[in-house]
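# A look at the structure
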Amino acid sequence: MDYLELYDALGFAVIQLPKGEKAPPKTGWRRTRRGTAFRRLKNWAGNIGIATGRASGIVIVDCDTLDNAKWAAKNLEPLTRHAVRTPRGFHLYYRGEVI
């Protein structure tokens, strides 16, 4: 299973990003809804991203140090089962629209 299928199966609103970019396009992506990504993007050759907040029901906390990650683990609601290692720390995924 690739990331597109995984994110879609988890109910995340997946958006297509311009090739080589990390930011969404200026328009159009805010209308993305959960569960439509695989059908729409299965042949997409560029990057993908997750629309957070209300669109996906998740919040991603960017922890650039181990101390930040420890604080988040102690003080925020329990993690979903997803945490991603980044070059400087972790992205921690939480269910919810607002912290």
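### Overview of the pairing of strand E1 (residues 13–17)
Within E1, four of the five residues are buried, leaving the element largely enclosed by the surrounding structure. In this structure, E1 lies alongside strand E2 (residues 47–51), joined through five bridges in antiparallel fashion. Considered in E2, the bridge of Gln 16 is made with Ile 48.

### Points about the packing of aromatic side chains
Under the definition given, this model contains two aromatic pairs. Taken together, a centroid distance of 6.0 Å and an interplanar angle of 35° make the contact between Tyr 7 and Phe 12 tilted. Here the two residues Tyr 7 and Phe 12 agree in accessibility, since each one is buried. Residues Phe 12 and Tyr 93 carry aromatic rings whose centres are separated by 6.4 Å and whose planes lie at 20° to one another, so their mutual orientation is stacked. With Phe 12 in the loop between helix H1 (3–9) and E1 and Tyr 93 in strand E5 (residues 90–95), the pair connects residues that are 81 residues apart, well separated along the chain. When sorted by exposure, Phe 12 lands in the same class as Tyr 93, which is buried. Sitting above the plane of the Phe 90 ring, Arg 85 keeps its charged end 4.9 Å from the centroid.

### Considerations on the sheet that holds E5
Judged by pairing direction, the sheet is antiparallel, and its three strands sit side by side in the order E3-E5-E4 without closing on themselves. Two strands bound the open sheet, and with one partner strand each, they are strand E3 (58–63) and strand E4 (83–85). Direction aside, the axes of adjacent strands within the sheet are offset by 20° on average. In the sheet, E3 pairs with E5 via six bridges, with the strands oriented antiparallel. Directly across from Cys 63, in E5, lies its bridge partner Phe 90. Against the sheet, helix H3 (residues 66–75) contacts E3 and E5, and its axis sits at roughly 15° relative to E5.

Calculation rules
- Residues numbered from 1 in each chain as written.
- Predicted model: local features only at pLDDT ≥ 70, side-chain atom pairs only at ≥ 80, totals over all residues.
- Heavy atoms only, no water.
- Buried < 20%, exposed > 50% of the residue type's maximum accessible area, 1.4 Å probe, protein only.
- Helix = DSSP H or I, 4+ residues; strand = E, 2+ residues; numbered from the N terminus.
- Pairing = 2+ DSSP bridges.
- Phe/Tyr/Trp six-rings, centres within 6.5 Å; stacked < 30°, edge-to-face > 60°.
- Lys NZ or Arg CZ within 6 Å of the ring centre and 35° of its normal.
- Axes fitted to C-alpha atoms, helices over the stretch in contact; angles between N-to-C directions.
- Contact = heavy atoms within 4.5 Å.

Purely spatial values, then, with no claim about function.
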